[in-house]
Amino acid sequence: TAADPYLIENGAQLAAATVAVKAVANNKYYFKLVKDIRLNDTTSANWKDTAKNWKWADVRFQGNFDGNGHTIDGLYYSGSQYRIGLFAYVGDSTIYNFKMTNAYIKDTNSETGLAFVAGQASAAVTFDKIYIDDTCYFEAPNTTGVAGIMGRCNGAVTITNSAVNATIIGKS
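It should be emphasised that the depicted structure is a prediction, and the values quoted were computed from it without experimental measurement. (Residues numbered from 1 in each chain as written. Predicted model: local features only at pLDDT ≥ 70, side-chain atom pairs only at ≥ 80, totals over all residues. Heavy atoms only, no water.)

Novice: Sorry if this is basic, but what is going on with the overall build of the protein here?
Specialist: When its secondary structure is counted, the protein shows one helix and 13 strands. Scaling as 2.2 N^0.38, a compact globule of 172 residues should have a C-alpha radius of gyration of about 16 Å, and the protein matches this with 15 Å. When contacts within the protein are restricted to residue pairs at least 6 apart in sequence, those whose partners lie at least 24 apart make up 83%. With an accessible surface of roughly 7800 Å², the protein has 46% of that area assigned to carbon and sulfur atoms. Looking at charge distribution, the protein has the averaged site of its 15 positive side-chain charges lying 4 Å from that of its 15 negative ones. (Helix = DSSP H or I, 4+ residues; strand = E, 2+ residues; numbered from the N terminus. Rg over C-alpha atoms; globule rule 2.2 N^0.38 Å. Contact = heavy atoms within 4.5 Å. Areas by Shrake-Rupley, 256 points an atom, 1.4 Å probe, with all protein chains shown as cover. Lys, Arg positive; Asp, Glu negative; His and termini not counted. Charge placed at Lys NZ, Arg CZ, Asp CG, Glu CD.)

Novice: Is there a simple way to think about the packing of aromatic side chains in this case?
Specialist: Two aromatic rings are characterised by how far apart their centres lie and by the angle between their planes. Throughout the structure, instances matching the rule amount to ten aromatic pairs. Look at Tyr6 and Phe31: their rings are 5.8 Å apart centre to centre, the planes differ by 80 degrees, and that puts the pair in the edge-to-face class. Note that Tyr6 is positioned in strand E1 (residues 6-8) and Phe31 in strand E2 (residues 29-33), a separation of 25 residues in sequence. Residue Phe31 is classed as buried on the basis of its relative accessible area, which comes to 4%. One aromatic cluster is present, built from ring pairs that chain together Tyr6, Tyr29, Phe31, Phe61, Phe65, Phe87 and Phe98. Over the ring of Tyr104 we find Lys48; its NZ or CZ atom is 5.1 Å from the centre of that ring. Positioned over the ring face of Tyr89 is Arg83, at 4.2 Å from the centre of the ring. (Phe/Tyr/Trp six-rings, centres within 6.5 Å; stacked < 30°, edge-to-face > 60°. Buried < 20%, exposed > 50% of the residue type's maximum accessible area, 1.4 Å probe, protein only. Lys NZ or Arg CZ within 6 Å of the ring centre and 35° of its normal.)

Novice: How should I be thinking about the side chain of Thr101 in this particular structure?
Specialist: Structurally, Thr101 can be placed in strand E6 (residues 87-101). A distance of 2.6 Å separates the side chain of Thr101 from the side chain of Asp73, its partner in a polar contact. Once residues within four sequence positions are removed from consideration, Thr101 is found in contact with Thr71, Ile72, Asp73, Gly74, Asp133, Thr135 and Cys136. (Polar contact = N/O pair within 3.5 Å; in protein donor to acceptor, adjacent residues only side chain to side chain.)

Novice: Explain the sheet that holds strand E5 (residues 76-79) here, please?
Specialist: Through backbone hydrogen bonds, the strands of a sheet pair up, either in parallel or in antiparallel fashion. Taking strand neighbours across the sheet as the criterion, the four strands line up as E5-E7-E9-E13 in an open arrangement whose pairing is parallel. Single-partner strands in this sheet number two, and they are E5 and strand E13 (167-169). Strand after strand, the sheet turns through a mean of 5 degrees between neighbouring axes, direction not considered. Across three bridges, strand E7 (residues 104-107) lies against strand E9 (residues 137-139) in parallel orientation. (Pairing = 2+ DSSP bridges. Axes fitted to C-alpha atoms, helices over the stretch in contact; angles between N-to-C directions.)

Novice: Which parts of the structure should I look at to understand unusual backbone geometry?
Specialist: The bulk of non-glycine residues show a negative phi, and the bulk of peptide bonds are trans. Not every positive phi belongs to a glycine, and Ala123 is a case in point at roughly 65 degrees. Locating Ala123 in the fold gives a position in strand E8 (residues 118-132). One non-glycine residue, Asn161, lies in the positive phi region at around 50 degrees.

Novice: Sorry, what's going on with the side chain of Asp66 here?
Specialist: For Asp66, the position within the fold is in strand E4 (residues 60-73). Among buried charged residues, Asp66 stands out as having no salt bridge; its nearest opposite-charge side chain is Lys32, 4.4 Å away. Ignoring sequence-local partners within four residues, the contact set of Asp66 consists of Phe31, Lys32, Leu33, Tyr96 and Asn97. (Salt bridge = Lys/Arg side-chain N within 4 Å of Asp/Glu carboxyl O.)

Novice: For this particular structure, what's the right way to read the nonpolar core?
Specialist: Generally speaking, a soluble globular protein has its nonpolar side chains buried in company with each other. Ranked by internal contacts, the top residues of the largest apolar core, which has 43 residues, are Phe65 and Phe127. Secondary structure elements with two or more residues in this core: helix H1 (11-23), E2, E4, E6 and E8. Looking at which element gives the most residues to this core, the answer is E6, with seven residues. If near-sequence neighbours (up to four positions away) are discounted, Phe127 is found in contact with Val90, Ile95, Val117, Ala118, Ile149, Met150, Val157, Thr158, Ile159, Thr160 and Ser162. (Core = buried A, V, L, I, M, F, W, Y, C linked by side-chain atoms within 4.5 Å.)

Here it is as structure tokens:
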């Protein structure tokens, strides 16, 4: 609930949250980070060689995700999917107050919704106080539906107090 959110303190719990959302779609969920999250160890120069792919279940997340001022580090994806990001698909949600570092996303799908935070957003979605730093990088075969915070949009989306300083490579 909003008064008693599910508290996330590591990558395994964040991954478990994706399973919960997929199991009972169309519910409102409330998540709150209580520690910095490391999805992959990014301390070595070749960290991407052994990184685990991150894939949020391709169901719509609805609810509230409070980053609580924490950092999500080491988001990695390499493949060919539709709607890629920390969240694949969001709607009727507020996602806010976190920093993302050392993210790498490479997608070969030319019809992608690709972003570090949400691959696609629909209905009313608010993104606030999100910072994507210059250690984040992604590449795609084109730049349609590719952006830092949200890839594709078909709804009323608001992005405030946020910044993207990432490298984005694609053909337009």
